[in-house]
Structure formats: C-alpha cells, structure tokens
Amino acid sequence: MEVSGLAKGTFTLEDSSDERSVSSNYHSDMDVEASDYSLGTTRLSIAHRLRSVLGMTSRRRKNGNGAESATKGDPHAPSLHREPRRFRRTDVIRFATRALIAAPFVVLMLFGVLHIMHAVVGPTRLFWDVEVMDDFLPDWGMPGHVGEGLAKYPTDATRDVIPIRCHSHNDYWRHIPLFDALHWGCTGVEADVWLFDEELYVGHNLASLTPNRTFESLYVNPLVDLLEKMNPHTKFANISGHGVFDVDGSQTLVLLVDFKTNGNELFPVVSRQLEALRSKDYLSHWNGTQLNRRAVTVVGTGNTPFDLVIADTDYRDIFFDAPLDQMWESSGSVSMRDDDNDSDLSFALSELEAGVASPGQGKVGTAGQSVDAFNTTNSYYASVSFTHSIGFVWRGHLSSKQMEIIRGQIRGAHARGLKVRYWDTPSWPVSVRNHVWHVLMKEGADMLNVDDLHAASVDQWKARVHGWW
C-alpha cells in the first residue's frame, strides 16, 4: 500500500514539508505584521494618549483597501472589520470629561483673540483722526500773551460741575486735597486732624504728618478764597449765601473733621480755626431756635465729644456724627427668609439693646444719652461701619437679613432728620462694590462714602450689564 500510495502521488514527505513551510511562512508573516503594528502603536502611544485625552483623535475604522483584499479570501485570517459601536453611558462621561478639560483652553484662546483685536484696533488713531485737537492760540489769556486777564471767570473753579451725593473718603490723600473732590462733584470731604502744640495737622497717621499740611492750609483758607469768588461784591453784583458749586448755589459742602487725638482738647482748637469761615457767615449753624443752612456744614466724627457739641444751647456750628447702628427701627412687618443662615439681624439687635456703638465713631461724650438725643439741632450725619454693622457680603449680594438691617437703620435715622452714611463699604471686587452702592442709594442712604471719585461721579456703578458680572 505504501508503493501504490506513492505511485498515485497522494502523499509524499516533500509535500508535507512544503505544506508545513507555507503554513509556517504565513504565521511568520502575520507575526511580523503584528509586531510592526505593535511597535508603531508603542511609538505613538504618548502623543496618541495626549490627543485622546483632549478628544483630538479620530477612531481607526479599518485597515486600507490593500490589507482588506489581502485577507479577503483567507478563512484563517483575523477579521479586520469592527463591529458597530453602541452608545453607552461611558461615552457621555468621556465626552463631558474632555469638555471640562478643554474648556479652560478655549477660554484662554478667546481672551487671546480679544487681546489681539484690542492691540490691532487700539492704535487706529494712527491712521484716522479719531480726535481732533484744536491748538488755536493756546496761550490766549495767559500773562504776557494776547487776551491777558480775559481767559478766566471768577467762578470758573466749579463751572459745569454737577454736585452729587458722594463723600471723598480720606480726602487729604488726593493729588489736590479738596479740589479733586469738588472737581468730580463730591458734596463731602474728610480731614483727619491731629493736635500738636496748638496746631492742627492733617494726615492719616503720625508718620504722614508734615509741618505745612495743616487744617487751615488745606481746607479752611482754600474754602474762604473759593467762597469769596463765588460771592463777589462788585459794581455788577453783591452776592451772598452762594455755595462752592457754581451750578447749584444752595448746595452745602460737608466738611467732616475726624478728631484723631483727645477730643476735649481738639474741640476748642477746631472751633477757633473755623472762625475765618464763621465770620463771613459761611457755616451752617443752629441759633437756638432754628437750623440755618450755609455754604459749609462742619461735622465732627472720631473722638468728637458729643457733650461739648451740645454744651452751647444758643449757637452750634460743629455738628455730631451720630451712631447709626443704635437707630434701627422695625417697620412693624419684619419678614425673614428661613434659608438665610447668618445672624446679622440678631447681632445688630443685641447691640442696639446693649447700647453699643461702632468702634471709633459716635461714642465719646454720649454716656447716659438715649438714641433720641441725636437730632438736627446737634447732629448732621448718622454713620456706621458697613463691615461692622451689616457684615460680609456673601455670594456677591446682600441677604434679606442684611437688607432688613439697612432698612431699619435708615428708617430710624430719617425719623430723626439725620443723613445716613455708611463707611468702610467693600471696594473689591468691583461688582460687589457696585451692588452695595446701588442698594444703599435705592434704600435711601444720603451719602456714598467713596475712594474712587471717578467711578462714583460718572455713575457707572448703576450700569450692571450682566447680573453676575
């Protein structure tokens, strides 16, 4: 049977060897291809993974047409067709993760584009006449030039200035004390005074005091000179009673004097240095029967002693800065939201019952006085630290409890005829500052205590384009 089998050519050792050789070669080729594919995958793995995290890669769908045709007729070759991908929850999670990772890069790219646009559009004035400067006779009216003495009017200092309800906090820090505030229309300025050797020096602390920066040189004398120009006595007019603002002569300017040293020693010196304004009838005063408004209203704060303010019952021209936090009054229908978890209202009411005033203002000389002792005959402002009385502004807006404190304090101050002023209001972020300013003015506060005079004067704090901005 072996011979016949060989004769018929059904099986030979050479054929068996060839078949095993072909099979071996096929598997060897597959191993080489798999090895090459694995090597390429390893080489690209780092970049591929980074792009995959950012969602920047596309799925490999299948091999090229040549590879597909090469294995098309081989039943033993592995299938290169991929099953259709099903939608799964992990796909949503993967997409959301990639979106969160990519979002900061998109935002940075957006700001980069805006910055480039600003850099490109900003210098357009180099190519077009956006602003035309008129230099015709620039020296006209100046000494030694044409029109000498004709360029200025006596009341030019506050020409076209519209007075607004803003108080220039720490006014002595301005580039030009007093006049910077008047330039922006502020109707209140502040001077911190220190007594040394019978002289009043102005500054925020002892290190900032200098011999030439005094209460008279920075405020009293400039106000006298300005008011004399606003109230000329010439052959054309004999004007009196006009305030510092040209467009509104009835508007008074509040000069807030912050007593920094001992109030009992400071009070008579301040009163004596105000004589230059008093003698010309420029000071608002109480004459024992009625209140007379004048161009300047002097208010004492800090260590100002209330007992010395009210000591003279016939004449007063230094008024008190009363403690606003002791004037809270209920509207009769106090309603609080249960979801507010702060205790600002209970804290304010506990202070009111204990008769505690805010630190640094409205305390000196008030022992034994009730809250009803403060009225228009002896006080002008009712003030308090916003941070101390109202608290921190969480979540960028005032809570309902904080609003009730503000409304109650304003209600109590207005019932006594006093002007409401909150100091130490938040100044940053600007969105919170604008929110607080807007709320205080809307609820009836009479004066904004500001550091940024420009922001207050242009009224930009009301332009809330975005609710969250």
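First things first, this report covers the structure right here in the doc.

Of note, the amide linkage connecting Trp428 to Pro429 takes the cis form, showing an omega dihedral of 0°. Structurally, the position occupied by Pro429 is in the loop between β10 (419–423) and α13 (430–443). Here Asn170, not a glycine, exhibits a phi torsion of approximately 50°, which is positive. Looking at where Asn170 falls in the secondary structure, it is placed in the loop between β1 (164–168) and α5 (179–184). Residue Asn170 is classed as buried on the basis of its relative accessible area of 5%. Of note, the phi angle at Glu198 is positive, near 65°, even though the residue is not glycine.

Quick look at the packing of helix α12 (residues 400–415) against α13 now. Interhelical geometry of α12 versus α13 gives an angle of 40° and a closest axis separation of 10 Å. In terms of their interaxial angle, α12 and α13 are classed as oblique. The element α12 and its partner α13 pack so that their crossing is right-handed. Side by side, α12 and α13 meet where Met403, Ile406, Arg407 and Ile410 of the first sit next to Val439, Leu440 and Glu443 of the second. A class-by-class count of the residues in the contact of α12 with α13 yields 5 nonpolar, no polar and 2 charged.

The next thing to look at is the packing of aromatic side chains. If you walk through the whole model with that rule in mind, you get 7 aromatic pairs. Between Phe386 and Tyr422, the aromatic rings sit 6.0 Å apart at their centres with planes inclined by 80°, giving edge-to-face as the arrangement. Remark: Tyr422 occurs in strand β10 and Phe386 occurs in helix α11 (residues 386–389); sequence separation between them is 36 residues. Each member of the pair, Phe386 together with Tyr422, is buried. Seen from the ring of Trp437, Arg433 lies directly overhead, with NZ or CZ sitting 4.5 Å from the centre.

We now examine empty space enclosed by the protein. Empty space left among the atoms is revealed by rolling a probe the size of a water molecule over them. One pass over the full model with this rule turns up 1 cavity of 30 Å³ or more. Looking at the largest cavity, its volume works out to about 60 Å³. Taken together, Leu291, Arg293, Thr297, Phe319, Thr376, Ser379, Tyr380, Gly417 and Lys419 form the lining of the largest cavity. Classifying every residue of the lining of the largest cavity by side-chain character gives 3 nonpolar, 4 polar and 2 charged.

Procedures and definitions
Residues numbered from 1 in each chain as written. Predicted model: local features only at pLDDT ≥ 70, side-chain atom pairs only at ≥ 80, totals over all residues. Heavy atoms only, no water. Helix = DSSP H or I, 4+ residues; strand = E, 2+ residues; numbered from the N terminus. Buried < 20%, exposed > 50% of the residue type's maximum accessible area, 1.4 Å probe, protein only. Axes fitted to C-alpha atoms, helices over the stretch in contact; angles between N-to-C directions. Parallel < 35°, antiparallel > 145°, perpendicular 65-115°, else oblique. Left-handed = near helix turned anticlockwise from the far one by under 90°. Contact = heavy atoms within 4.5 Å. Nonpolar A, V, L, I, M, F, W, Y, C, P; charged D, E, K, R; others polar. Phe/Tyr/Trp six-rings, centres within 6.5 Å; stacked < 30°, edge-to-face > 60°. Lys NZ or Arg CZ within 6 Å of the ring centre and 35° of its normal. 1 Å grid on protein atoms, 1.4 Å probe; cavity = no way out; pocket = protein on both sides within 12 Å on 5 of 7 lines; lining within 4 Å. Points joined across faces, edges and corners; volume = space filled by probe spheres on them.

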